[in-house]
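An overview of the molecular structure
Chain residues, written in single-letter form:
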Amino acid sequence: MAGKLYLCATPIGNLEDITLRVLRVLREADLIAAEDTRNSLKLLNHFRIKAPLTSYHEFNKIEKAYQLAEKLQEGKNIALITDAGTPGISDPGEELVKICLEKGIEVTSLPGAAACITALTMSGISTRRFAFEAFLPREKKKRGMVLEELKDETRTIVIYEAPHHLLQTLKELHEVLGDRCISVCRELTKKFEEVIRSSLENLILYYQNTEPRGEYVLIIEGKSYEDIERESRKEWLKMRIQEHMEYYEKTGVSRKEAMKLVALDRGMSKRDVYRELLNKD
């Protein structure tokens, strides 16, 4: 029988956050695949876990995934761990999961710490709907495209950032998104854990005078529907009402329906639209 792949969430800082189930699976696994074996050894040694260890990271994620899949098909049980948090979240583990599922190998996930969720829940910003972006692309063109996509995002936005890029990222976010409410979370679950909730503008000023330290999660307020409606209305108001009517009528809707849509777009009543059209005629 084939073995099973276990995605084992490990602490993002405080070692007490590991679960009893993860500890048991790590002890019983035939092999532990780790993103950075040197870093993971500290964790495993702390809990006196002696299972065999192998590296699985961004630079061998495809080739090594097939090798691990072979071992799983031979009946080995493999535990996958990342440097910190849940494997598969902004992590090469997602490639191994895809390949295992394609080969009919059973995969299960052992829940635990994840920096994005930890930061989101303590941010004070809406948690009902959110868009997880992880690290923004470093390449300028792709980065610009992602930021433009986020410009009209109504969900809360979650972004990871390193300390040496933090200030520049805050400036770019402010330039594209405008002055939004943001929670900057750093060193989550660690001794110097900190959450600062303010505006992008204020935090840019703060980090111009305060050196960023530690790993950061940025929780950014999504664009409100009111702002989107207001901006859309500004665009419609640039058109004459007759042009606005023609825009809808060309799509095949009736004149009556076009008047209703024009009224909604412009924040007017249908009667006022009708009067405007009569005056133009």
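Thresholds applied
Residues numbered from 1 in each chain as written. Predicted model: local features only at pLDDT ≥ 70, side-chain atom pairs only at ≥ 80, totals over all residues. Heavy atoms only, no water. Helix = DSSP H or I, 4+ residues; strand = E, 2+ residues; numbered from the N terminus. Rg over C-alpha atoms; globule rule 2.2 N^0.38 Å. Contact = heavy atoms within 4.5 Å. Areas by Shrake-Rupley, 256 points an atom, 1.4 Å probe, with all protein chains shown as cover. Lys, Arg positive; Asp, Glu negative; His and termini not counted. Charge placed at Lys NZ, Arg CZ, Asp CG, Glu CD. Core = buried A, V, L, I, M, F, W, Y, C linked by side-chain atoms within 4.5 Å. Buried < 20%, exposed > 50% of the residue type's maximum accessible area, 1.4 Å probe, protein only. Pairing = 2+ DSSP bridges. Axes fitted to C-alpha atoms, helices over the stretch in contact; angles between N-to-C directions. Arc of directions from axis to C-beta. Parallel < 35°, antiparallel > 145°, perpendicular 65-115°, else oblique. Left-handed = near helix turned anticlockwise from the far one by under 90°. Nonpolar A, V, L, I, M, F, W, Y, C, P; charged D, E, K, R; others polar. Polar contact = N/O pair within 3.5 Å; in protein donor to acceptor, adjacent residues only side chain to side chain.

1. A look at the overall build of the chain
Helix and strand content of the chain: twelve helices and ten strands. Against the compact-globule benchmark of 19 Å for 281 residues, the chain has a radius of gyration of 26 Å, which places it well outside the compact range. Dimensions of the chain along its principal axes, counting C-alpha atoms only, are 85 × 50 × 35 Å. Looking at the chain alone, contacts between residues at least 24 apart form 69% of all its contacts between residues at least 6 apart. For the chain, the exposed surface amounts to about 16,200 Å²; the carbon and sulfur share of it is 49%. The chain carries 45 positive and 46 negative side-chain charges, and their two centres are separated by 2 Å.

2. Some points on the nonpolar core
Grouped together as the largest cluster of nonpolar side chains are 21 residues, with contacts concentrated most on Ile 159, Leu 170, Leu 173, Ile 182, Tyr 207, Leu 218 and Ile 220. Counting residues per element, the ones that place at least two in this core are helix H6 (140–150), strand S7 (156–161), helix H7 (166–177), strand S8 (181–186), helix H8 (200–209) and strand S10 (216–220). Broken down by element, this core gets its largest block of residues, five residues, from H7. In contact with Ile 182, not counting residues within four places along its chain, are Ile 125, Leu 170, Ile 196, Arg 197, Ser 198, Ser 199, Leu 200, Leu 203, Leu 218, Ile 219 and Ile 220.

3. So, the sheet that holds strand S3 (residues 53–55)
Here five strands make up an open sheet; going across it, the order is S3-S2-S4-S1-S5 and the pairing parallel. Either end of the sheet is taken by a strand with one partner, and the two such strands are S3 and strand S5 (106–110). Geometrically, the sheet is characterised by an average inter-axis angle of 25° between neighbouring strands, direction not taken into account. Note that strand S1 (residues 4–8) and strand S4 (residues 78–81) share three bridges and pair parallel.

4. Topic: helix H3 (residues 63–73)
Each turn of an α-helix holds 3.6 residues, which means side chains three or four residues apart point in the same direction. Along H3, the residues classified as buried are Lys 64, Ala 65, Leu 68, Ala 69 and Leu 72. Viewed along the axis of H3, the buried residues span an arc of 140°, placing them on a single side of the element. Where the residues of H3 are buried, they touch S1, strand S2 (31–34), S3, S4 and helix H4 (93–102). Taken from the residues just after H3, Gly 75 is the one with a positive phi, measuring 110°.

5. Focus: the sheet that holds S7
An order of S6-S7-S10-S8-S9 is seen for the five strands of this open sheet, with the pairing classed as mixed. Looking at strand neighbours, the two that pair on one side only are strand S6 (130–135) and strand S9 (194–199), the edges of this open sheet. Averaged over all adjacent pairs, the angle separating strand axes in this sheet is 15°, with direction ignored. The sheet contact formed by S7 and S10 spans five bridges and is antiparallel. By the bridge assignment for S10, Ile 159 is matched with Leu 218. Each of S8, S9 and S10 touches H8; the most contacted strand, S9, lies at about 125° to it.

6. Observations regarding the packing of helix H10 (residues 241–249) against helix H11 (residues 255–266)
In helix packing, the relevant descriptors are the interaxial angle and the interaxial distance, both defined with respect to the helix axes. It is the contact of H10 with H11, at a shortest axis distance of 9 Å, that shows an interaxial angle of 125°. Considered as vectors, H10 and H11 are oriented oblique to each other. You can see that H10 and H11 cross each other, and the crossing is right-handed. Residues Ile 241, Gln 242, His 244, Met 245, Tyr 248 and Glu 249 of H10 form the contact with H11, whose own contacting residues are Arg 255, Ala 258, Met 259, Leu 261, Val 262, Asp 265 and Arg 266. For the contact of H10 with H11, the per-class residue count stands at seven nonpolar, two polar and four charged.

7. What about the packing of H6 against H7?
Where H6 contacts H7, the two axes come as close as 9 Å, and the packing angle between them is 50°. Between H6 and H7, the angle falls in the class oblique. Considering how the two elements wind past one another, H6 and H7 form a crossing that is right-handed. Across the interface between the two elements, Arg 143, Leu 147, Glu 148 and Leu 150 of H6 pack against Thr 169, Glu 172, Leu 173, Val 176 and Leu 177 of H7.

8. Side note on H6
What H6 keeps buried is the set Arg 143, Val 146, Leu 147 and Leu 150. End-on, the buried residues of H6 take up no more than an arc of 100°, which puts them together on one face. Residues of H6 that are exposed and point over 90 degrees away from its buried face: Lys 141 and Glu 149. Where H6 is buried, its residues touch S6, S7 and H7. The backbone nitrogen of Lys 141 has a side-chain oxygen 3.1 Å away, supplied by the residue at the start of H6, namely Glu 139.

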